[in-house]
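# Geometric and topological summary
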Amino acid sequence: MAHQEEPELDGLLRSLRVWSPEATELRPFDPDTAPPTPLPLFTTWLAEAARAGQPEPHAMSLATTDEEGRPDVRVLLLHGADADGWTFATHATSRKGRDLAADPYAALAFYWPVLGRQVRVRGPVTATPPEAGQADLHARSTGALAAALTGHQSEPLPSLDDLRRASETAWDQARENPTAPAPTWTLYRLHPRTVEFFQGDPDRRHIRLEYRRTEFGWERGLLWP
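Described below are features of the structure shown in this document. (Residues numbered from 1 in each chain as written. Predicted model: local features only at pLDDT ≥ 70, side-chain atom pairs only at ≥ 80, totals over all residues. Heavy atoms only, no water.)

Most of strand E7 (residues 185–190) is tucked away: six of the six residues are buried. In E7, alternate side chains face the same way, and those of Trp185, Leu187 and Arg189 on one face and Thr186, Tyr188 and Leu190 on the other are all buried. As paired strands, strand E6 (residues 117–127) and E7 are joined by three bridges and run antiparallel to one another. By the bridge assignment for E7, Thr126 is matched with Arg189. (Buried < 20%, exposed > 50% of the residue type's maximum accessible area, 1.4 Å probe, protein only. Helix = DSSP H or I, 4+ residues; strand = E, 2+ residues; numbered from the N terminus. Pairing = 2+ DSSP bridges.)

Quick look at the packing of aromatic side chains now. Both the distance between ring centres and the angle between the ring planes are used here to describe each pair of aromatic rings. Under the criterion given, the structure shown has ten aromatic pairs. With 5.3 Å between their ring centres and 90 degrees between their planes, Trp45 and Phe197 make a pair best called edge-to-face. With Trp45 in helix H2 (residues 38–51) and Phe197 in strand E8 (residues 194–199), the pair connects residues that are 152 residues apart, well separated along the chain. Among the aromatic residues, those joined into a ring-pair cluster are Phe29, Trp45, Phe197, Tyr211 and Trp218. Against the face of Trp45 rests Arg117, its NZ or CZ located 4.2 Å from the ring centre. (Phe/Tyr/Trp six-rings, centres within 6.5 Å; stacked < 30°, edge-to-face > 60°. Lys NZ or Arg CZ within 6 Å of the ring centre and 35° of its normal.)

From the geometry alone we can't say anything about function, so treat these as descriptive.
Structure follows, in structure tokens:
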């Protein structure tokens, strides 16, 4: 079998397009028509991304820092959002759980390339009561419960066989007991201090609208792209 030549990275990167008309619809966005608080606009944009065919529009990047101030980022799913904040879940013993215990401040980023849109959210994070985390977990799929029951998230894994055995046991437990507790599973809430909405523009005159929480409520302002 002939060896397939690896692509040259710089050339590959230069060949890639961003927001090609075949895949992306850059819609007009008038920030003067935006609502006074960020959640209604976020809900509208999330729904529009889903209707436009964006895969997994509820996926987001979560950025945290550890006790030494070193950053980390990963992709996970949004579990909910209301006037008090955006929620997500993980094991308190995981790397992101340990980061949030050391520095309870984080940032979220949503990217919907089908519409050339981003949303960024930053603010302090609190853990909800344990019963809220368990209720959130048990409202999700059997697979989500099995993954939580497998445990050991972010710990060193000796082998894939160890993962398979632990996962099979967790799946059996989840099927037999849909309300099985996962004690370290925690629902976190990020309380937004800033929320930025980014709309791409074909002429690179991108629109950035930032909401900032103050003691008097939300203020809005534009940012240079």
